Amino acid sequence: MKWIIIFSILCTAFPLLANTEKVPHEIAGIALGTNVNDYPDIVQNDALREVVVTDWHGFRKGFISYGTCKNVNQILKMDMKYADKSEEFYQQLLRKFREEFGEPDAWSGDSFGVMKVWKWQFIDKDKNSVSLALQYNGKNSNETIGNVVRLSYPDKIEEEQLCFLEVCQQSNKKADEKRREELKKTGWSYLVPR
């Protein structure tokens, strides 16, 4: 009885690890830790690339997205997280945004006041559509807690996505039919990690 109690205590204090003899590193013929260039059939691009800034002029973090296809290296979207996460600061920001840009065009928060999102839409002097959003999140763990401002060119982002799809289609056309058929083949060795 004494050994059962000790074993039970040890099992809860030190959880058993999964069998380390068989650790998965591969799925769909692509392995962790390998060089992406080892897979020539992968399209090595995306519609947008992202860089991160931290501790930047009152923001704790920001995600800057730029074009890679039609609008190469042009910044098309920014998601900036304010250092001050308080709802009071959100209210101050909202007043400043309204003074600067007028009343928002849309609300997309929730009815409980957990997510508060006001949006503005503009057309600039170059006829670009510009989207601005101010968000406060008090509790939703699926979103950034605190205050976020988003600024983007939605039409240019769509152009990037369409350009990227075209690049993918062209890449697909370049691959010979036999190779494309080979890549479509599946089986348990591709579907289950190994």
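Criteria and thresholds
Residues numbered from 1 in each chain as written. Predicted model: local features only at pLDDT ≥ 70, side-chain atom pairs only at ≥ 80, totals over all residues. Heavy atoms only, no water. Helix = DSSP H or I, 4+ residues; strand = E, 2+ residues; numbered from the N terminus. Buried < 20%, exposed > 50% of the residue type's maximum accessible area, 1.4 Å probe, protein only. Areas by Shrake-Rupley, 256 points an atom, 1.4 Å probe, with all protein chains shown as cover. Expected span 1.5 Å × (residues − 1). Arc of directions from axis to C-beta. Contact = heavy atoms within 4.5 Å. Core = buried A, V, L, I, M, F, W, Y, C linked by side-chain atoms within 4.5 Å. Patch = residues over 30% accessible without salt bridge, like charges linked within 9 Å, V, L, I, M, F, W, Y side chains within 5 Å. Salt bridge = Lys/Arg side-chain N within 4 Å of Asp/Glu carboxyl O. Disulfide = S-S within 2.5 Å. Phe/Tyr/Trp six-rings, centres within 6.5 Å; stacked < 30°, edge-to-face > 60°. Lys NZ or Arg CZ within 6 Å of the ring centre and 35° of its normal.

A. Spatial organisation of the overall build of the chain. Scanning the chain from N- to C-terminus turns up five helices and nine strands. In the chain, the order of α-helices and β-strands from amino to carboxyl end is α-β-β-β-β-β-α-β-β-β-β-α-α-α. Counting across all 194 residues of the chain, residues that qualify as buried make up 24%. Of the roughly 14,200 Å² that the chain leaves accessible, carbon and sulfur atoms contribute 56%.

B. A look at helix α2 (residues 87-101). With 15 residues, α2 extends 20 Å between its outermost C-alpha atoms, agreeing within 8% with the 21 Å of an ideal straight helix rising 1.5 Å per residue. The set of residues buried in α2 consists of Tyr 90, Leu 93, Leu 94 and Phe 97. Taken around the axis of α2, the buried residues stretch over an arc of 105 degrees, which confines them to a single face. Structural note: α2 exposes Glu 88, Lys 96 and Glu 99 on the side pointing more than 90 degrees away from its buried face. On its buried side, α2 packs onto β5 (75-82), β7 (115-123), β8 (129-137) and β9 (146-152).

C. Fine view of the nonpolar core. Grouped together as the largest cluster of nonpolar side chains are 14 residues, with contacts concentrated most on Met 80, Tyr 82, Phe 97, Trp 120, Leu 134 and Val 149. Those elements that provide at least two residues to this core are β4 (59-67), β5, α2 and β8. Ranked by residues supplied to this core, first place goes to α2 with four residues.

D. View of a nonpolar patch on the surface. Side chains of Trp 188, Tyr 190, Leu 191 and Val 192 sit close together on the surface and give an oily, nonpolar patch of about 480 Å² of accessible area. Relative to the assigned elements, Leu 191 resides in helix α5 (residues 188-191).

E. Main features of the state of the cysteines. Counted according to the given criterion, the structure contains one disulfide. Here Cys 69 is linked by a disulfide to Cys 163, with a sulfur-sulfur distance of 1.8 Å. Every disulfide takes its handedness from the sign of the S-S torsion; for Cys 69 and Cys 163 that torsion is -65 degrees, giving left-handed. Of this pair, Cys 69 sits in the loop between β4 and β5 while Cys 163 sits in helix α3 (residues 154-174), and the two are 94 residues apart along the sequence. Just so you know, Cys 168 is unpaired, no disulfide at all, and the nearest cysteine sulfur is the one on Cys 69, 8.9 Å from it. Cys 168 gets classed as partly exposed once you look at its relative accessible area, which sits at 24%.

F. Structural context of the packing of aromatic side chains. According to the stated counting rule, one finds seven aromatic pairs in the structure shown. Residues Phe 59 and Tyr 82 carry aromatic rings whose centres are separated by 4.5 Å and whose planes lie at 35 degrees to one another, so their mutual orientation is tilted. Of this pair, Phe 59 sits in strand β4 while Tyr 82 sits in strand β5, and the two are 23 residues apart along the sequence. Taken together through their ring pairs, the aromatic side chains of Phe 97, Phe 101, Trp 120 and Phe 122 make up a single cluster. A cation over an aromatic ring shows up here: Arg 98 above the ring of Trp 118, its NZ or CZ 5.3 Å from the ring centre. Over the ring of Tyr 153 we find Lys 156; its NZ or CZ atom is 5.3 Å from the centre of that ring.

G. Representation of the environment of Ser 152. Along the chain, Ser 152 falls in strand β9. Through-space distance from the C-alpha of Ser 152 to that of Lys 77 is 4.2 Å; in sequence the pair is 75 residues apart. Setting aside chain neighbours within four positions, we find Ser 152 in contact with Leu 76, Lys 77, Ser 129, Val 130, Ser 131 and Ile 157.

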